[in-house]
Amino acid sequence: MTHWFHRNPLKATAPVSFNYYGVVTGPAASKICSDLRSSRARLLELFTDLSCNPEMMKNAADSYFSLLQGFINSLDESTQESKLRYIQNFKWTDTLQGQVPSAQQDAVFELISMGFNVALWYTKYASRLAGKENITEDEAKEVHRSLKIAAGIFKHLKESHIPKLITPAEKGRDLEARLIEAYIIQCQAEAQEVTIARAIELKHAPGLIAALAYETANFYQKADHALSSLEPAYSAKWRKYLHLKMCFYTAYAYCYHGQTLLASDKCGEAIRSLQEAEKFYAKAEALCKEYGETKGPGPTVKPSGHLFFRKLGNLVKNTLEKCQRENGFMLNPNQKKW
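The model shown is predicted, which means the values in this text are computed figures rather than measured ones.

**Q** Just to check I follow, could you spell out the domain arrangement of the protein chain for this structure?
**A** How big an interface is tends to be reported as the loss of accessible area on association of its parts. Domains assigned within the protein chain are domain 1 (1-203) and domain 2 (210-331). Facing the 29 residues of domain 1 at the interface are 31 residues of domain 2. When the area that domain 1 buries against domain 2 is broken down by residue, the three leading residues are Trp-4, His-6 and Leu-96, summing to 26%. The interface formed by domain 1 and domain 2 holds 1 salt bridge in total. The shortest N-O distance in the salt bridge between Lys-245 and Glu-193 comes to 2.7 Å. The tally of links from domain 1 across to domain 2 stands at 11 residue pairs in polar contact (both at pLDDT 80 or more). For the side of domain 1 that touches domain 2, a count of residues per class yields 13 nonpolar, 11 polar and 5 charged.

**Q** I keep staring at the pattern of salt bridges and nothing clicks. Help me out?
**A** Pairing between side chains of opposite charge can happen when the charged atoms of each approach one another. As enumerated under the stated definition, the model contains 22 salt bridges in all. Note that Glu-137 and Lys-141 form a salt bridge whose closest N and O atoms lie 3.5 Å from each other. One end of the pair, Glu-137, and the other, Lys-141, are both in helix H4 (residues 137-161), 4 residues apart, so they sit about a helical turn from each other. Looking at Glu-137, the relative accessible area reads 38%, which means it is partly exposed. Given the relative accessible area of 46%, Lys-141 is considered partly exposed. We note a salt bridge from Glu-170 to Arg-173, for which the minimum N-O separation is 4.0 Å. Among the charged side chains, a network of salt bridges with common partners joins Glu-137, Lys-141, Arg-198 and Glu-201.

**Q** It is not clear to me how the packing of helix H1 (residues 27-47) against helix H2 (residues 54-68) should be interpreted in this structure. Could you clarify?
**A** Taken N-terminus to C-terminus, the directions of H1 and H2 make an angle of 150 degrees; their axes are 9 Å apart at the nearest point. Like other packed secondary-structure pairs, H1 and H2 cross with a definite hand, here left-handed. Across from Ile-32, Asp-35, Leu-36, Ser-39, Arg-40, Arg-42, Leu-43, Leu-46 and Phe-47 in H1, the residues of H2 making contact are Met-56, Met-57, Ala-60, Ala-61, Ser-63, Tyr-64, Leu-67 and Leu-68. Here the residues of the contact of H1 with H2 are counted per class, giving 12 nonpolar, 2 polar and 3 charged.

**Q** I tried to follow helix H6 (residues 206-226) on my own but got confused; where do I start?
**A** An α-helical turn contains 3.6 residues, so any two residues separated by three or four positions project in the same direction. Here H6 spans 30 Å end to end across 21 residues, near enough to the 30 Å set by a 1.5 Å rise per residue. Packing partners of the buried residues in H6 comprise helix H5 (177-201) and helix H7 (232-263).

**Q** Help me out: how do you make sense of helix H8 (residues 267-293) in this one?
**A** Between the first and last C-alpha of H8 there are 39 Å, a value that for 27 residues agrees with the 39 Å anticipated at 1.5 Å per step. Where H8 is concerned, the buried positions are Cys-267, Ala-270, Ile-271, Ser-273, Leu-274, Ala-277, Phe-280, Tyr-281, Ala-284, Leu-287, Cys-288 and Tyr-291.

**Q** Sorry, what's going on with the nonpolar core here?
**A** Most often, soluble globular proteins have nonpolar side chains that are buried together. Formed by 102 residues in total, the largest nonpolar core has its most connected members in Phe-18, Met-57, Phe-154 and Trp-238. Ranked by residues supplied to this core, first place goes to helix H3 (residues 107-130) with 16 residues. Three or more residues apiece are contributed to this core by two domains, here domain 1 (1-203) and domain 2 (210-331). Beyond its immediate stretch of four places on either side in the chain, Trp-238 contacts His-6, Asn-8, Leu-96, Leu-179, Ala-182, Tyr-183, Gln-186 and Leu-227.

**Q** For this particular structure, what's the right way to read unusual backbone geometry?
**A** Among all residues save glycine, negative phi is the norm, and among peptide bonds the norm is trans. Here Phe-18, not a glycine, exhibits a phi torsion of approximately 55 degrees, which is positive. For Phe-18, the location among the structural elements is in the segment before H1. On the accessibility criterion, Phe-18 (1% relative accessible area) is buried. The phi torsion at Lys-203 lies on the positive side, around 55 degrees, for a residue other than glycine. Checked against the element boundaries, Lys-203 lands in the loop between H5 and H6.

**Q** Whenever I open this one, the packing of aromatic side chains confuses me. Can you help?
**A** Each aromatic ring pair is specified by the distance between its two centres and by the angle formed by the two planes. Evaluated as defined, the whole model comprises 19 aromatic pairs. Between Phe-116 and Tyr-183, the aromatic rings sit 5.3 Å apart at their centres with planes inclined by 90 degrees, giving edge-to-face as the arrangement. With Phe-116 in helix H3 and Tyr-183 in helix H5, the pair connects residues that are 67 residues apart, well separated along the chain. Across the pair, Tyr-183 and Phe-116 agree in class, each one buried. Of the aromatic side chains, those joined through ring pairs into one cluster are Trp-4, Tyr-220, Tyr-241, Phe-248, Tyr-249, Tyr-252, Tyr-256 and Tyr-291. The ring of Phe-280 has Lys-283 lying over it, and the distance from NZ or CZ to the ring centre is 4.6 Å.

Cut-offs and rules
Residues numbered from 1 in each chain as written. Predicted model: local features only at pLDDT ≥ 70, side-chain atom pairs only at ≥ 80, totals over all residues. Heavy atoms only, no water. Domains from an automatic or database assignment. Contact = heavy atoms within 4.5 Å. Buried area = accessible area lost by both parts, 1.4 Å probe. Salt bridge = Lys/Arg side-chain N within 4 Å of Asp/Glu carboxyl O. Polar contact = N/O pair within 3.5 Å; in protein donor to acceptor, adjacent residues only side chain to side chain. Nonpolar A, V, L, I, M, F, W, Y, C, P; charged D, E, K, R; others polar. Helix = DSSP H or I, 4+ residues; strand = E, 2+ residues; numbered from the N terminus. Buried < 20%, exposed > 50% of the residue type's maximum accessible area, 1.4 Å probe, protein only. Axes fitted to C-alpha atoms, helices over the stretch in contact; angles between N-to-C directions. Left-handed = near helix turned anticlockwise from the far one by under 90°. Expected span 1.5 Å × (residues − 1). Core = buried A, V, L, I, M, F, W, Y, C linked by side-chain atoms within 4.5 Å. Phe/Tyr/Trp six-rings, centres within 6.5 Å; stacked < 30°, edge-to-face > 60°. Lys NZ or Arg CZ within 6 Å of the ring centre and 35° of its normal.

Written out as structure tokens, the structure is:
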């Protein structure tokens, strides 16, 4: 099953030379600074390299972060921070607020910002893979794994590193709690979309699919709520996506719940459930149009034309018609079935 995911742009950063004349002395120290410069440049290159895979990304990220630790933690393994932590100024743009950079003279800020981009890369990799028309089982597992890794990185940054910043995260910026939380929940919701698609392919019980869809809709609602107090100029497009996915998976839940009711010969209740599915599908369809017309970070696409969206529309329509036919037979028991 093909998928469609909204993605905000990657963060951009200013070059860093790691040249500390008069501070760093000796060939070994110079070599570390040279390796830092080259490993940072390599990691930044991979963010936009379409041939990059998770193994390449992990190796490049590990290489850079292992060297950067020398600027954060004391080399004698004590609890004290490194004397080099505040020696370098780092500049990074924001995923929502465009090319307006934030700057901090703090290696922890660099660790968090670069880690944020690594997490974003995993979400973008998952999105590219999930958008294929004939996605294989192994590719679906890779999508699920990449989204889980991204959620784990965002969560780790939020809990372990952002609290260590001397300068608190600016309101409405990437490192603020509301945004990080929205990214975490979105990754969880999208990973569950893959689980739902797999459950449908394996023809699992409609009741299980309905429960998963309902939970996924709640994830999207929760992510949208996390962004509700942000400036609409920056968050409106992202929130349209979250809202339309919430409506979309609520329609899924009602559709499969209707199938469960139909299997129990509760045709009247099944029809009502499918009518609710129709309502939420119509809401999602309207939000798809609004999403395409809303300005802001993210791609300019028409989600309503996407295969994943059209398939649900046909499923709701066909299931409702089946419920109505079955209900007609029950109301007219003497009618012949040819």
